[in-house]
Amino acid sequence: MKKVAIVTDSNAGIRQEEAKELGIFVLPMPFTIDGQTYYEDINLTQEEFFEKQISGAEIFTSQPVVGNVKELWDQILKDYDEIVHIPMSSGLSGSCQTACMLAQEYDNRVFVVDSQRISVTQKYDVIDAKRMADEGKSGQEIYDILTENKLNASIYITVNTLDYLKKGGRITPAVATLAGLLKIIPIMKLNYDLGGKIDSFGKVRTAKKANLKIIDHMVNDCKVNNKDFVFAIEHVLCEDLALEMKQKLIEQIGECEILVRELPAVVGAHMGIGGIGYQYIKKYEG
């Protein structure tokens, strides 16, 4: 039986301490704040990051340096036979394509999964992959299953301003056109048909209506339930609203497995203060 390591990046929202507990490896995402380079959960905490964002610091994000990825893989492959690498959606970052090209140098020992997920949906891919590795599945088998199941999750987001997403180039032109409209709260979703890019879903006049519309859509149109799905509501410094929306979801489908937490720092950098992401993931039963 091959020994398979699971690797992801910090966009999954798995901190280094939790990664050790799970038995997986997390590549920290780099970002630059006021000209200084930081690595998520290495030399800057999530709390410190959001403090800097509130203060108006100039923030830029980037993909991991190829040398850092290669160094991590080389170190892991001293103890493991194969690696399954699960980066953030290829539609949101070039890090997935970079990893795919780099993996070609490793003679089928590294499998890069482009499941077009991010944050909690990405984290559940990691957890499922680790469980499959512990069950004895090979890197190829894990890759095939995660790729086949990538559509069993969805992400909806709403933000107070599109400035951060527009600046980072993470949205489609359809969304960008909304940026100049006054008194409009945009609703967006991760569009799998567009390779995991953020696309327009709707628009309303208030933040409260935007969040309620997402809840209603998940329940009435996507037919989520509290048996087959798990949920997450992630936010950038608006916990009260996130908890209120958690209760609204519970009122509609009953008690369910739902995580409320702040977004990972690099993801939050593109959402901006007041941004909220809703995610549902169909449970993988094996």
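Located above this text is the structure these notes cover.
Everything numeric in this text was worked out from a predicted model, so none of it was measured.

Draft legend 1. Local environment of helix α2 (residues 46-54). Buried residues of α2: Gln46, Phe49, Phe50 and Gln53, and no others. Within α2, the buried residues cover an arc of 95 degrees as seen down the axis, which keeps them to one side. Just past α2, the residue glycine 56 takes up positive phi, approximately 85 degrees.

Draft legend 2. Structural context of the pairing of strand β9 (residues 185-191). Most of β9 is tucked away, with 6 of its 7 residues classed as buried. Sheet analysis places strand β8 (residues 153-158) next to β9, joined by 3 bridges and oriented antiparallel. Opposite isoleucine 157, over in β9, you have methionine 188 as the bridge partner. Bridging between β9 and strand β10 (residues 197-204) involves 7 bridges; their strand directions are antiparallel. By the bridge assignment for β10, isoleucine 185 is matched with valine 204. Between the antiparallel neighbours β9 and β10 lie 5 residues, among them glycine 195 with a positive phi of about 75 degrees.

Draft legend 3. Spotlight on unusual backbone geometry. One non-glycine residue, aspartate 41, lies in positive phi territory at about 65 degrees. Structurally, the position occupied by aspartate 41 is in the loop between β4 (36-39) and α2. Of note, aspartate 107 is a non-glycine position whose phi angle comes to about 50 degrees, a positive value.

Draft legend 4. Spotlight on the nonpolar core. In this structure, Ile33 and Phe49 are the most contacted members of the largest nonpolar core, which totals 27 residues. Going through the elements one at a time, β3 (30-33), α2, β8, β9 and α11 (265-271) are the ones with two or more residues in this core. With residues up to four places along the chain from it excluded, the contact list for isoleucine 33 reads Tyr38, Leu44, Phe49, Lys52, Ala57, Glu58 and Ile59.

Draft legend 5. Local environment of the sheet that holds β3. One open sheet holds the 3 strands; their spatial order is β4-β3-β5, and the pairing between them is antiparallel. Of all strands in the sheet, those bounded by a partner on one side alone are β4 and β5 (59-61). Across this sheet, the average inter-strand angle for adjacent strands is 25 degrees, counted without regard to direction.

Draft legend 6. Quick peek at the packing of aromatic side chains. Summed over the entire model, instances satisfying the criterion amount to 7 aromatic pairs. Aromatic pair phenylalanine 25 and tyrosine 80: ring centres 5.9 Å apart, planes at 90 degrees, arrangement edge-to-face. One end of the pair, phenylalanine 25, is in strand β2 (residues 25-27); the other, tyrosine 80, is in the loop between α3 (66-76) and β6 (82-86), with 55 residues separating them in the sequence. Accessibility expressed as a relative area gives 26% for phenylalanine 25, which makes it partly exposed. With a centroid separation of 5.4 Å and 75 degrees between ring planes, the pair formed by phenylalanine 49 and phenylalanine 50 is classed as edge-to-face.

Draft legend 7. Representation of the environment of asparagine 220 in the model. Locating asparagine 220 in the fold gives a position in helix α9 (residues 207-221). The sequence separation of asparagine 220 and leucine 190 amounts to 30 residues, and the corresponding C-alpha distance is 19 Å.

Draft legend 8. Just the side chain of serine 90, in detail. Within the element layout of this structure, serine 90 appears in the loop between β6 and α4 (95-103). Look at serine 90 and you get buried, because its relative accessible area is 17%. In terms of polar contacts, serine 90 uses its side chain to reach the side chain of aspartate 114, at 2.6 Å. Dropping the residues within four chain positions of it, serine 90 is found in contact with Cys96, Gln97, Asp114, Gln116 and Gly195.

Criteria and cut-off values
Residues numbered from 1 in each chain as written. Predicted model: local features only at pLDDT ≥ 70, side-chain atom pairs only at ≥ 80, totals over all residues. Heavy atoms only, no water. Buried < 20%, exposed > 50% of the residue type's maximum accessible area, 1.4 Å probe, protein only. Helix = DSSP H or I, 4+ residues; strand = E, 2+ residues; numbered from the N terminus. Arc of directions from axis to C-beta. Pairing = 2+ DSSP bridges. Core = buried A, V, L, I, M, F, W, Y, C linked by side-chain atoms within 4.5 Å. Contact = heavy atoms within 4.5 Å. Axes fitted to C-alpha atoms, helices over the stretch in contact; angles between N-to-C directions. Phe/Tyr/Trp six-rings, centres within 6.5 Å; stacked < 30°, edge-to-face > 60°. Polar contact = N/O pair within 3.5 Å; in protein donor to acceptor, adjacent residues only side chain to side chain.

These values are about where atoms sit, not about what they do.
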